[in-house]
Amino acid sequence: MEQHSEGLKVMVIDDSKTIRRTAETLLKKVGCDVITAVDGFDALAKIADTHPRIIFVDIMMPRLDGYQTCALIKNNSSFKSTPVIMLSSKDGLFDKAKGRIVGSDQYLTKPFSKEELLGAIKAHVPDFAPLEQVS
C-alpha cells in the first residue's frame, strides 16, 4: 500500500528557529505532517506522543545534543527502526563517524536543499510519495 506523504510524520529537531521553519516549510509543501522540537528533551516527549516515521536532528544543541538524542531514540525498542538523519554545519569525517556510532541513518550538511531533504526521506521511507514532483 503506497502511503502518500500526506500525513507522513516527519520530526525536525533543531535549536535554530530558522532551520526548523525552513525544513517545516519545505516538507509541508510536499504534504508532510511536520512536528518540530527545539532540543532533545523537547523531542523525546513529542516522539512518544506522535510516532514520527523519520527524524531529522541537529547535532549542536543545548541540554541534549543530537548524538545523545539519536542514541536515546535508537536505544528505545519502539523507535530503534525509525530513521534518524543528523543535521550539522560541520562536514567532518569525525562527526559523520560519531553519528554512525550512535545509530544515525544518514548525515546531511547544513544548509541543506529541498532535494537533499526529500532524498533522505525517499531513501529511508520507501513508500513516501511527495505531493508535488521535485523539479
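An unreviewed UniProt entry lists the protein chain under the name Twitching motility response regulator PilG, with Stutzerimonas marianensis as the source organism.

**Student:** So what about the side chain of Thr50? Which residues, and what values?
**Tutor:** Relative to the helices and strands, Thr50 resides in helix α2 (residues 40–50). Polar contacts involving the side chain of Thr50 include one to the main-chain carbonyl oxygen of Lys46, which spans 2.7 Å. Look past the residues within four positions of Thr50 in its chain and what remains in contact with it is Lys9, Met11 and Ile35.

**Student:** Describe helix α5 (residues 114–124), with residues and values.
**Tutor:** When we look at burial in α5, the residues that qualify are Leu117, Leu118, Ala120 and Ile121. Down the axis of α5, the sector holding all buried residues measures 155°, keeping them to one side. Lining the buried residues of α5 we find β2 (9–13), α1 (17–29), β4 (54–58), β5 (84–88), β6 (106–109) and β7 (128–129).

**Student:** Provide a residue-level description of the packing of α1 against α5, including the pertinent values.
**Tutor:** As a packed pair, α1 and α5 sit with axes 10 Å apart at the nearest point and diverge in direction by 65°. Judged by the angle between their axes, α1 and α5 are roughly perpendicular. α1 and α5 meet at a crossing whose hand is right-handed. For the pair formed by α1 and α5, the contact residues are Ala23, Leu26 and Leu27 on the first element and Lys114, Leu117, Leu118 and Ile121 on the second. Along the lines of polarity and charge, the residues of the contact of α1 with α5 split into six nonpolar, no polar and one charged.

**Student:** Provide a residue-level description of helix α3 (residues 66–74), including the pertinent values.
**Tutor:** Residues Gly66, Tyr67, Thr69, Cys70, Ile73 and Lys74 constitute the buried set of α3. The arc enclosing the buried residues of α3, seen along the axis, measures out at 165°, which places them on a common side. Where α3 is buried, its residues touch β2, α2, β4, β5 and α4 (93–101).

**Student:** Which residues make up unusual backbone geometry, and what values do they have?
**Tutor:** Omega for the peptide link from Lys110 to Pro111 comes to -5°, which places this bond in the cis form. When you line up the elements, Pro111 lands in the loop between β6 and α5. Phi is positive for Arg63, close to 65°, though the residue is something other than glycine. Exposure remark for Arg63: the relative accessible area of 61% places this residue in the exposed category.

**Student:** Lay out the sheet that holds strand β3 (residues 33–37) in plain terms, naming residues and giving numbers.
**Tutor:** Strands pair in a sheet through their backbones, by hydrogen bonds, and they do so in one of two ways: parallel or antiparallel. Within the open sheet, the five strands sit side by side as β3-β2-β4-β5-β6. Their pairing is parallel. Among the strands making up the open sheet, the edge pair consists of β3 and β6. Geometrically, the sheet is characterised by an average inter-axis angle of 20° between neighbouring strands, direction not taken into account. Looking at chain direction, β5 and β6 are connected through four bridges and run parallel. Bridge pairing in β6 places Met86 opposite Tyr107. Where α1 meets the sheet, its contacts fall on β2 and β3, and the angle it forms with β3 comes to roughly 170°.

Conventions we followed
- Residues numbered from 1 in each chain as written.
- Predicted model: local features only at pLDDT ≥ 70, side-chain atom pairs only at ≥ 80, totals over all residues.
- Heavy atoms only, no water.
- Helix = DSSP H or I, 4+ residues; strand = E, 2+ residues; numbered from the N terminus.
- Polar contact = N/O pair within 3.5 Å; in protein donor to acceptor, adjacent residues only side chain to side chain.
- Contact = heavy atoms within 4.5 Å.
- Buried < 20%, exposed > 50% of the residue type's maximum accessible area, 1.4 Å probe, protein only.
- Arc of directions from axis to C-beta.
- Axes fitted to C-alpha atoms, helices over the stretch in contact; angles between N-to-C directions.
- Parallel < 35°, antiparallel > 145°, perpendicular 65-115°, else oblique.
- Left-handed = near helix turned anticlockwise from the far one by under 90°.
- Nonpolar A, V, L, I, M, F, W, Y, C, P; charged D, E, K, R; others polar.
- Pairing = 2+ DSSP bridges.

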